Amino acid sequence: MSQRILVTGGAGFIGSSLCERLLNEGHQVVALDNMFRGRAENLKECHEHPSFHFLSGDACSSDDLQRCFDLLGGIDLIHHLAAINGTRWFHEAARQVIDVNINATLATVEKAVEWGSRYVLASSPEAFGDVSSMPLMEGSESVFSNPSQHQRFAYGASKYLDEVAVQHAVRNGLDGRIVRPFNGYGVRLMGDEYGQVVAMMFEAIRRQEPINVHGDGQQTRSFTHIDDLVNGFYLAGHLDGGIEGQPLSGSSFNLGSEEEVNMLSLAQSINEVVGSQAVDIVLSEGYHGDSMRRLPNCTNAVSMLGWHPAISLKDGLISVWSGLQHQP
Ligand SMILES: NC(=O)c1ccc[n+]([C@@H]2O[C@H](COP(=O)([O-])OP(=O)(O)OC[C@H]3O[C@@H](n4cnc5c(N)ncnc54)[C@H](O)[C@@H]3O)[C@@H](O)[C@H]2O)c1
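Predicted, not measured: the structure shown is a model, and the values here were computed from it.

Thresholds, definitions, all that
Residue indices follow the written sequence of each chain, beginning from 1 at its first position. Side-chain atom pairs in this predicted model are given and counted only at pLDDT of 80 or more, local residue features only at pLDDT of at least 70, and totals for whole chains, interfaces and linings cover all residues. Exposure classification rests on a simple neighbour count of other C-beta atoms within 10 Å of a residue's own: a residue reaching 20 or more is buried, one at 12 or fewer is exposed, and one in between is partly exposed. C-beta atoms are placed from the backbone. Secondary structure is summarised from DSSP: a helix means a run of H or I of at least four residues, a strand means a run of E of at least two, and numbering begins at the N terminus for each. Our contact criterion uses C-beta atoms placed from the backbone: two residues qualify when those atoms are within 7 Å. For each residue, a C-beta atom is placed from the backbone, and the residue counts as near a molecule or strand when that atom lies within 6 Å of it. Under this grouping Gly is polar, as are all residues other than the nonpolar Ala, Val, Leu, Ile, Met, Phe, Trp, Tyr, Cys and Pro and the charged Asp, Glu, Lys and Arg. Strand pairing follows a simple DSSP-based rule, namely that at least 2 bridges must link the two strands. Every axis corresponds to a line fitted to the C-alpha atoms, with the helix fit spanning only the stretch in contact, and the corresponding angles, defined between N-to-C directions, vary from 0 to 180 degrees.

A.B. asks: Where do I start with helix 7 (residues 197–207) in this structure?
C.D. replies: Since one α-helical turn is 3.6 residues long, residues separated by three or four positions face the same way. Every buried residue belonging to helix 7 is among Val 197, Val 198, Ala 199, Met 201, Phe 202, Ala 204 and Ile 205, and all of these are buried. Looking at the buried positions of helix 7, the neighbouring elements they touch are strand 7 (184–185), strand 8 (211–214), helix 9 (263–274) and helix 11 (313–324). Backbone geometry just downstream of helix 7 places Gln 208 in the positive-phi region, at approximately 55°.

A.B. asks: Looking at this model, I keep getting lost on the site of the ligand. Mind explaining?
C.D. replies: Inspection of the region around the ligand gives 29 residues, with Gly 9, Gly 12, Gly 38, Ala 83 and Gly 184 positioned closest. When residues in the shell around the ligand are grouped by element, the largest group, three residues, is from helix 1 (residues 13–24). Within the shell around the ligand, the residues separate by chemical class into 16 nonpolar, ten polar and three charged.

A.B. asks: So what exactly am I meant to see when it comes to the sheet that holds strand 4 (residues 77–80) here?
C.D. replies: The strands making up a sheet associate through backbone hydrogen bonding, with each pair oriented either parallel or antiparallel. Here seven strands make up an open sheet; going across it, the order is 3-2-1-4-5-6-11 and the pairing parallel. The open sheet is flanked by strand 3 (52–56) and strand 11 (252–255), the only strands paired with a single partner. Mean inter-strand twist for the sheet, computed between neighbouring axes without regard to direction, equals 15°. As defined by bridge partners, strand 5 (residues 118–122) adjoins strand 6 (residues 176–181) across four bridges and the pair is classed as parallel. Residue Ala 122 lies in a different strand from strand 6, and its bridge partner there is Val 179. Across the sheet, helix 1 lies against strand 1 (4–8), strand 2 (28–33), strand 3, strand 4 and strand 6, angled at about 170° from strand 2, the strand it touches most.

So, in structure tokens, the structure goes:
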């Protein structure tokens, strides 16, 4: 059945691909974005669709959210993705990160309760903070370091509080689900100095400049292709119950590949993919508070949503490189 869906942060990296998927599945979609980090070209394909609306506005604003509701005559589901993401912002603009990430979640949760909408929160593995024990389970403890050392957890701690706000509303009747994407990558990922690592490495190749690897390059991440992430968001919002009838409200889902890769080998893999355009890899100072390892356990996503990451890192990097060839 066609649903009326609000995607906040809909012009961003994940949001725009999620809008495309929702439209292709026959739903009506309104994307709300203030274009802080969103890009108009991300929504080119969506704009060709008659069931798509874009609203330029602030996800913290009750009035702007209400305009989305009025556009579709109701909202059955909110995918809340609007947030300030990108490591450099966490350090440079901690106040703004805290403000937007918390207030946009409080405002959208409030509307979901008022409208009786289902709610999917885009949280993050950073909501676990500095925890050293891996893999990260859906219910792992969160550990945050002393804020006088660095401001990195402006982001992670705001995502933690976002989860608290959603769980609180779930206790009061909201149908709320939480997803935690692990290092998504795809053609639309931002590769500028405020961007994320895979895209920054490809950007270095495009400019034929050395790839910068932070620290000693031994820190690991798990990289998840955009199509796999979008599928996880889709299932978390679409399914009424788990594949074995489990209740989904109040559940959180780690969405990540279990292929653990260190930054040095990521840079080497990217060099292999681009062949003759490979560049030098140099080590440089990283950000304070960067985690050494981040690896998910995705038991809930597998057993409740039937979600599996389908795209290997090698195939994903090849497809990104091929997609980037068609970019200006
Ligand atoms: N990309 C990842 O790997 C990843 C990992 C963990 C969590 N997440 C979370 O998933 C969500 C989407 O991430 P993304 O990678 O697509 O980031 P993104 O920066 O590309 O998208 C976020 C969008 O939100 C918009 N936005 C920011 N403040 C806003 C506001 N006040 N009102 C309206 N729109 C606003 C931005 O302009 C941007 O288009 C975010 O909540 C992010 O924290 C992403």
